[in-house]
Amino acid sequence: VQLQASGGGLVQAGGSLRLSCAASGSTLSTYVMGWFRQAPGKEREFVAAISWLAGSTLHADSVRGRFAISRDKLKNTVYLQMNSLKPEDTAVYYCAATYRHGGSWYVAVSYDQWGQGTKVTVSS
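Below is a short write-up of the structure. (Residues numbered from 1 in each chain as written. Predicted model: local features only at pLDDT ≥ 70, side-chain atom pairs only at ≥ 80, totals over all residues. Heavy atoms only, no water.)

Moving on, we come to the overall build of the chain. Helix and strand counts for the chain stand at 0 helices and 11 strands. The order of α-helices and β-strands along the chain, N terminus first, is β-β-β-β-β-β-β-β-β-β-β. The burial tally for the chain puts 44% of its 124 residues in the buried class. In the chain, 55% of the contacts between residues at least 6 apart in sequence involve partners at least 24 apart. Put simply, the chain shows about 6,300 Å² of open surface, and 51% of that area lies on carbon and sulfur atoms. Averaging the coordinates of the 12 positive side-chain charges in the chain and doing the same for the 7 negative ones gives two points 5 Å apart. (Helix = DSSP H or I, 4+ residues; strand = E, 2+ residues; numbered from the N terminus. Buried < 20%, exposed > 50% of the residue type's maximum accessible area, 1.4 Å probe, protein only. Contact = heavy atoms within 4.5 Å. Areas by Shrake-Rupley, 256 points an atom, 1.4 Å probe, with all protein chains shown as cover. Lys, Arg positive; Asp, Glu negative; His and termini not counted. Charge placed at Lys NZ, Arg CZ, Asp CG, Glu CD.)

This is the structure in structure tokens:
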């Protein structure tokens, strides 16, 4: 499975963006897909994750209530709807997938496959 992220761009504070992550190939073995972000000079951090089959979701405290992860199994695509964007949301956003059960959805090492990243810039 290859992951292709898109939808990033420049937006003013308070605005919205929707990121997409398209998975090519079979997703039958996909367990969880997630979004992480990395700001300049900072470590990659968890944003949100969704279980591929059941649709259960997790969101980081910093984005809960503003961001929402979802997936379309027919399109093999995961989305991250981002509302009420803040300058501190500026980062490169990466989608990721894991095929393994038992790992923490919150940590990057639990994920097996990564997309190339899409840049989000929020101006104040």
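From this point, the narrative continues.
Close approach of charged atoms allows side chains of opposite charge to pair. Under the criterion given, the structure shown has 5 salt bridges. The closest approach of N and O atoms between D61 and R64, which form a salt bridge, is 2.5 Å. As a salt-bridge pair, R100 and D112 come within 2.8 Å of each other at their nearest N and O atoms. With R100 in the loop between strand 9 (91–98) and strand 10 (113–114) and D112 in the loop between strand 9 and strand 10, this pair connects stretches of sequence that are 12 residues apart. For D112, a relative accessible area of 32% translates into the label partly exposed. Connected through salt bridges with shared partners, the residues R37, E45, R66 and D89 form a single ionic network. (Salt bridge = Lys/Arg side-chain N within 4 Å of Asp/Glu carboxyl O.)

Another point: the nonpolar core. Grouped together as the largest cluster of nonpolar side chains are 35 residues, with contacts concentrated most on W35, L80, M82 and Y93. Listing elements by their share of this core, those giving two or more residues are strand 1 (2–6), strand 3 (17–24), strand 4 (32–38), strand 5 (45–51), strand 7 (67–72), strand 8 (77–82), strand 9 and strand 11 (118–123). The residues contacting Y93, other than those within four sequence positions of it, are L19, W35, F36, R37, V47, F67, L80, M82, G117, T118 and V120. (Core = buried A, V, L, I, M, F, W, Y, C linked by side-chain atoms within 4.5 Å.)

This paragraph deals with the sheet that holds strand 8. Read across the sheet, 4 strands follow the order 1-3-8-7 without closing on themselves; strand pairing throughout is antiparallel. Across the chains shown, the open sheet's two edge strands, defined by having one partner strand only, are strand 1 and strand 7. Averaged over neighbouring strand pairs, the angle between their axes works out to 15 degrees when direction is ignored. Taken together, the 5 bridges between strand 1 and strand 3 define a ladder with antiparallel strand orientation. Within the sheet, the bridge partner assigned to S6 lies in strand 3 and is S20. (Pairing = 2+ DSSP bridges. Axes fitted to C-alpha atoms, helices over the stretch in contact; angles between N-to-C directions.)

Attention shifts here to the state of the cysteines. Evaluation of the coordinates by the stated rule reveals 1 disulfide. A sulfur-sulfur distance of 2.1 Å marks the disulfide that ties C21 to C95. Looking down the S-S bond of the C21 and C95 bridge, the torsion is 65 degrees, so its handedness is right-handed. Placement of C21 in strand 3 and of C95 in strand 9 is noted, with a sequence separation of 74 residues between them. Owing to a relative accessible area of 1%, C95 belongs among the buried residues under this scheme. (Disulfide = S-S within 2.5 Å.)

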